[in-house]
Amino acid sequence: MRHSTRILSACLVLNCLWFGACNDKQQDPQEQHSARQTPADEIQGSPTLKADANAQGFQLELITSPHPIPLNEDFSLRFRLLDASGQPLDDSLEHIALDADMPEHGHGMKVAPVLSQDEGWIEATPLLFHMPGIWEIYVDHTQGHVTERAQLSFRVF
Amino acid sequence: MNLLGGRPWTLVGPLSKGTIESVILSPVLFSRARPWLPPLTGVLLTLPVLAQAGEETHLGAWLHTISNLEGPVALDFTPSGSLWVVEADGGRLSLFSSSGTLGTRLESKTPWLAPMGVAADTRLYVSDPARRRVMAIGVDAWRDADTVLQGPEGFCQPGALDAREGRLVVTDPLGGRVILLHGSKRLELGADLLSEPTGACLDDEGGIWISDAARARVEHFDPDGNHAGGFGDYGAFRGLLAAPSGIAWWNHRIFVADRDNHRISVHTEAGDLLYTVGMHAIWPREGEGLLHYPSALAVSHDGTRMAVAEPLDGRVQVFSRAMGAEPTIDPLRRTTPQAAAHYGPAIRAAGNWMLLVEPETQSVLLHDRRREEAPIELTSFGRRGHVLGRWAHPSGIWLDMETRMAWITDPSAGIMDQVLLRIDPKAPLNQHLGAAAWIRRMDLRALDRELGGISVFHDPRPTAICRREDKTYVIDEANRCVLVIDQAGNCIKVLGAGVLLRPMDLCFDPAGTLWISDAWQGRIVGLDPVSGKIRGNRGLGALRRPDGVCSDAEGRLFVSDRAANRVLRFDSYGTLDLSIGTEGLGPEGLLGPRGVSIGQNGNLTVVDHSNHRCMVFTPDGEFVRAYGSKLHVRPAMKPEIYDEQGKKR
């Protein structure tokens, strides 16, 4: 495997770490939407990752290329946004933003990906995870005066 | 009385190369009763100066400090070298001689309510943002002020000023623009470019230089108002700017008061850094060239003096010319400031948690308060930027323990963010650096101009926030009102329009009255959150510059008074029954208190803003503890005594 790197887990893994540690039987709305995400074992074997927006206003489907994400090498993403009924959102790129961060280190990427549209999917390239550790990919969608976010977490090493 | 210096006007030409301030003396020398010392010292110091006449000099040697000022926010030299200082917290203008002696003091109320900017030209110009106007004041009859600019349609509210040869430039930081007046001609600059213009100056060719604090930029406009370039980018390293707040031009040099980098940057007109003056003070109130949030500056007409205003420390430091050419490296010790625990001004507590703004890193800190001795930082989130998850100036905050949600406003971007904190408040204490998940951002500037049935003139600037029954109440500093926003993000009501002048903070009491502190009116206004009608007032005559406000379970109101360095408590009937704190660093000391919050144990936490710490008091005002920067905390705490075995007694 190139540079001995691979994705260990996706969004739900980290959410489970966070919320599992909470040991709180009373789930709040955010925990419920986390529980509805694709199970980690399915994500591991599938090239399509899925996540609900944190406010549940849309759903995100995302494919990384290559898969898994390499360490310190450019990669690209294809993603699309779905409405609550699962239908693709027909929206222009100016209402969509993509970014990635290492929240534990307080920094993001050294590159700024360019977005382009292709048959209902959006391609983002280049992305670069230059440091091993936990990364988060953010996809923001703006409708009117409200912007919502969907996010996926990755451990890259 | 001559308000423009007390002396006949004399035109002093620019300092020629090689001219040096003849005497650079520490005023400490004169504080002792040794009459022979000043002349002797003067001779001793003048001799080498004269001997080196012809050498190059630069502006940057500390000369003296004018202390005990009440929030100095603006200043300008008269042609004769006297210095006008606006004391915002005192609501007055003070004129100091070139040696720092107080001459004239113009008190508030007439003709202004809250002066914010000053410029001395052939007349004295004063901006009064409370009344949204700029006045020109005659030399001998200052009470007969002419209004030269009036809002609110023309601009939001005026801030810094500069005047030169009949041209007047006025910043409108809340409106994101600058206005140039020249006779009957009026030009509006930078409406699509500037974000928060906090300083402006004119050069001798009629060009306009503007410092934009939110964008960390200096912008240059030609005399016709066309954008002619600029420089600056955000950062702490030399050559970068963190919050350029004040600006001055002299002899093709641009002097920038870089507030959050605690220094003065001197640039060429092309933007190249020549040198910096000052560095962050280490000890509380340390001065003599060390700077602490310098917010405004002015250079004398002859270029021999530079005055720097530091509102948090209530002082103006005056610098003179120093030997040597403009240094290419900082002559002082350290060049890169480090972020410190500069809390506030906002604070919110809920349950065991406490949320605080950390202004120098544009982040928000979440603390757990289960440990008695000091709160533990669980996580921090946000940093400088404009996309979701980043802010230019986080200001208002709110915390809801039940949903583990936080709300944060950024007035310079006009936005409000909702963040989920993925931490179990009952779990063992642990740091969760990636705990924040952004839920949504609302762009309040994209709201309809008919908010809640009331027309607003300006882009909303949300500075403080509180929530009740799924509604969010946001202070809009620009339109001087409270926006009520529902769960879907729609503004359903506007409260306090026409009542509030400078709303600072807000809270609900147990009876459901919305209390809003108003700094310029010196009172707390109670509103019915449904009808918007006034239910009561607190603090008229007792409060000078009320800031943070909170209520406890008994309905008592706690209000910080930034100018009086104390917190006042009003019982549920409105009677002032307690005053907490006095100016200082000790256990009862406060300096510029801002946010206040009641914890679940009933204790009151006060953001002691200018002391870089938080102070905890019982509801009856007894000091419990302090935390924050050690240098500022230590004077407040009891001395720690250890026995021979090293155990704390």
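Engineer: Please set out the overall build of chain A residue by residue, giving values where relevant.
Structural biologist: Within chain A, the regular secondary structure consists of three helices and nine strands. Starting at the N terminus, the α and β elements of chain A follow one another as α-α-α-β-β-β-β-β-β-β-β-β. Every one of the 157 residues in chain A was classed for burial, and the buried ones make up 48%. Taking the intrachain contacts of chain A between residues at least 6 apart in sequence as the baseline, contacts between residues at least 24 apart amount to 57%. A total of about 7,500 Å² of accessible surface is found on chain A, and carbon and sulfur atoms cover 48% of it.

Engineer: Let's hear about the overall build of chain B: which residues, and what values?
Structural biologist: Scanning chain B from terminus to terminus reveals two helices and 54 strands. Taking all 649 residues of chain B together, 60% fall into the buried category. When the accessible surface of chain B is totalled, it reaches about 24,800 Å², and 50% of it is carbon and sulfur.

Engineer: Residues and numbers for the confidence of the model for chain B, please.
Structural biologist: Detailed conclusions should not be drawn from predicted coordinates in areas where pLDDT is low. Residues and elements named next belong to chain B. Looking at chain B as a whole, the pLDDT averages 85, with 85% of positions reaching at least 70. Residue range residues 4-52 is modelled with pLDDT below 50. Its contacts to residues more than four positions away, or to other chains, number 67 contacts. Of the regions scoring below 50 in pLDDT, residues 331-339 engages in 19 contacts with residues more than four places distant in sequence or in other chains.

Engineer: Which residues make up the interface of chain A and chain B, and what values go with them?
Structural biologist: Contacts between the two partners involve 27 residues from chain A and, on the opposite side, 28 residues from chain B. Together, the buried faces of chain A and chain B total about 2,200 Å²; carbon and sulfur atoms form 50% of this surface. Applying the counting rule to chain A against chain B returns eight residue pairs in polar contact (both at pLDDT 80 or more). Elements represented by at least two residues in the side of chain A that touches chain B include exactly helix 1 (11-22), helix 2 (29-35), strand 4 (96-102), strand 5 (107-108), strand 8 (133-143) and strand 9 (146-156) of chain A. Here the residues of the side of chain A that touches chain B are counted per class, giving seven nonpolar, 10 polar and 10 charged. Pairing of strand 9 of chain A with strand 34 (residues 436-443) of chain B involves three bridges; the strand directions are antiparallel. By the bridge assignment for strand 34 of chain B, A:Val146 is matched with B:Met442.

Engineer: Lay out a negative patch on the surface with the relevant residues and their values.
Structural biologist: Taken together, the side chains of B:Glu165, B:Asp204, B:Glu205 and B:Glu269 define an acidic patch exposed on the protein surface. Within the secondary structure, B:Glu269 sits in the loop between strand 20 (263-268) and strand 21 (273-277).

Engineer: Tell me about the sheet that holds strand 13 (residues 185-189) of chain B, residues and numbers included.
Structural biologist: All names here are of chain B. Spatial ordering of the open sheet is given by 10-11-12-13, a layout of four strands whose pairing is antiparallel. In this open sheet, the two strands that pair with only one neighbour each are strand 10 (161-164) and strand 13. Taken pair by pair, the neighbouring strands of this sheet meet at an average axis angle of 15°, ignoring direction. Summarising the sheet, strand 10 and strand 11 (residues 167-172) pair through four bridges and their orientation is antiparallel. Across the sheet, Asp162 pairs through a bridge with Val169, a residue of strand 11.

Engineer: Requested: an account of the layout of surface pockets, with residues and values cited.
Structural biologist: All names here are of chain B. Put simply, the second largest pocket is a space of about 980 Å³. Lining the second largest pocket are 38 residues, with Trp398, Leu399, Asp400, Arg467 and Arg468 positioned closest to its centre. Class assignment for the residues of the lining of the second largest pocket results in 18 nonpolar, 10 polar and 10 charged.

Engineer: Residue-level account of the sheet that holds strand 23 (residues 306-310) of chain B, with values.
Structural biologist: All names here are of chain B. Read from one edge of the open sheet, four strands run 1-24-23-22, paired in antiparallel fashion. Unpaired on one side and paired on the other, strand 1 (57-66) and strand 22 (296-299) mark the two borders of the sheet. Taken pair by pair, the neighbouring strands of this sheet meet at an average axis angle of 25°, ignoring direction. For strand 23 and strand 24 (residues 315-323), the ladder comprises five bridges, and the chain directions are antiparallel.

Engineer: Lay out the packing of aromatic side chains with the relevant residues and their values.
Structural biologist: Within a pair of aromatic rings, the relevant descriptors are the distance that separates the centres and the angle that separates the planes. Residues and elements named next belong to chain B. Under the defined criterion, the tally for this structure stands at eight aromatic pairs over all chains. With a centroid separation of 5.9 Å and 75° between ring planes, the pair formed by Phe381 and Trp438 is classed as edge-to-face. Note that Phe381 is positioned in strand 28 (residues 376-381) and Trp438 in strand 34, a separation of 57 residues in sequence. Assigned by exposure class, Phe381 and Trp438 land together as buried. Plain terms: the ring middles of Phe617 and Phe623 are 6.3 Å apart, the flat faces sit at 70° to each other, and that makes the pair edge-to-face. Since its relative accessible area comes to 1%, Phe617 is described here as buried. Residue class for Phe623 comes out partly exposed when judged on its relative accessible area of 25%. For the cation-ring pair, Arg468 lies above Phe508, with the distance from its terminal atom to the ring centre recorded as 5.0 Å.

Engineer: Kindly report on the nonpolar core, identifying the contributing residues and their values.
Structural biologist: Ranked by size, the top nonpolar core spans 28 residues in total, and within it A:Leu60, A:Leu62, A:Leu77, A:Phe79, A:Leu98, A:Phe129 and A:Ile137 carry the most contacts. Among the secondary structure elements, those contributing two or more residues to this core are strand 1 (48-52), strand 2 (59-65), strand 3 (74-82), strand 4, strand 7 (121-128), strand 8 and strand 9 of chain A. When near neighbours in sequence (up to four residues on either side) are disregarded, A:Leu98 contacts A:Leu77, A:Phe79, A:Pro113, A:Leu115, A:Ala124, A:Leu127, A:Ile137, A:Tyr138 and A:Val139. The next biggest cluster of nonpolar side chains, apart from the first, holds 23 residues, and it includes B:Ala346, B:Ile397, B:Ile415 and B:Leu421.

Conventions used here
- Residues numbered from 1 in each chain as written.
- Chains lettered and ligands numbered in written order.
- Predicted model: local features only at pLDDT ≥ 70, side-chain atom pairs only at ≥ 80, totals over all residues.
- Heavy atoms only, no water.
- Helix = DSSP H or I, 4+ residues; strand = E, 2+ residues; numbered from the N terminus.
- Buried < 20%, exposed > 50% of the residue type's maximum accessible area, 1.4 Å probe, protein only.
- Contact = heavy atoms within 4.5 Å.
- Areas by Shrake-Rupley, 256 points an atom, 1.4 Å probe, with all protein chains shown as cover.
- pLDDT = per-residue confidence, 0-100.
- Buried area = accessible area lost by both parts, 1.4 Å probe.
- Polar contact = N/O pair within 3.5 Å; in protein donor to acceptor, adjacent residues only side chain to side chain.
- Nonpolar A, V, L, I, M, F, W, Y, C, P; charged D, E, K, R; others polar.
- Pairing = 2+ DSSP bridges.
- Patch = residues over 30% accessible without salt bridge, like charges linked within 9 Å, V, L, I, M, F, W, Y side chains within 5 Å.
- Salt bridge = Lys/Arg side-chain N within 4 Å of Asp/Glu carboxyl O.
- Lys, Arg positive; Asp, Glu negative; His and termini not counted.
- Charge placed at Lys NZ, Arg CZ, Asp CG, Glu CD.
- Axes fitted to C-alpha atoms, helices over the stretch in contact; angles between N-to-C directions.
- 1 Å grid on protein atoms, 1.4 Å probe; cavity = no way out; pocket = protein on both sides within 12 Å on 5 of 7 lines; lining within 4 Å.
- Points joined across faces, edges and corners; volume = space filled by probe spheres on them.
- Phe/Tyr/Trp six-rings, centres within 6.5 Å; stacked < 30°, edge-to-face > 60°.
- Lys NZ or Arg CZ within 6 Å of the ring centre and 35° of its normal.
- Core = buried A, V, L, I, M, F, W, Y, C linked by side-chain atoms within 4.5 Å.

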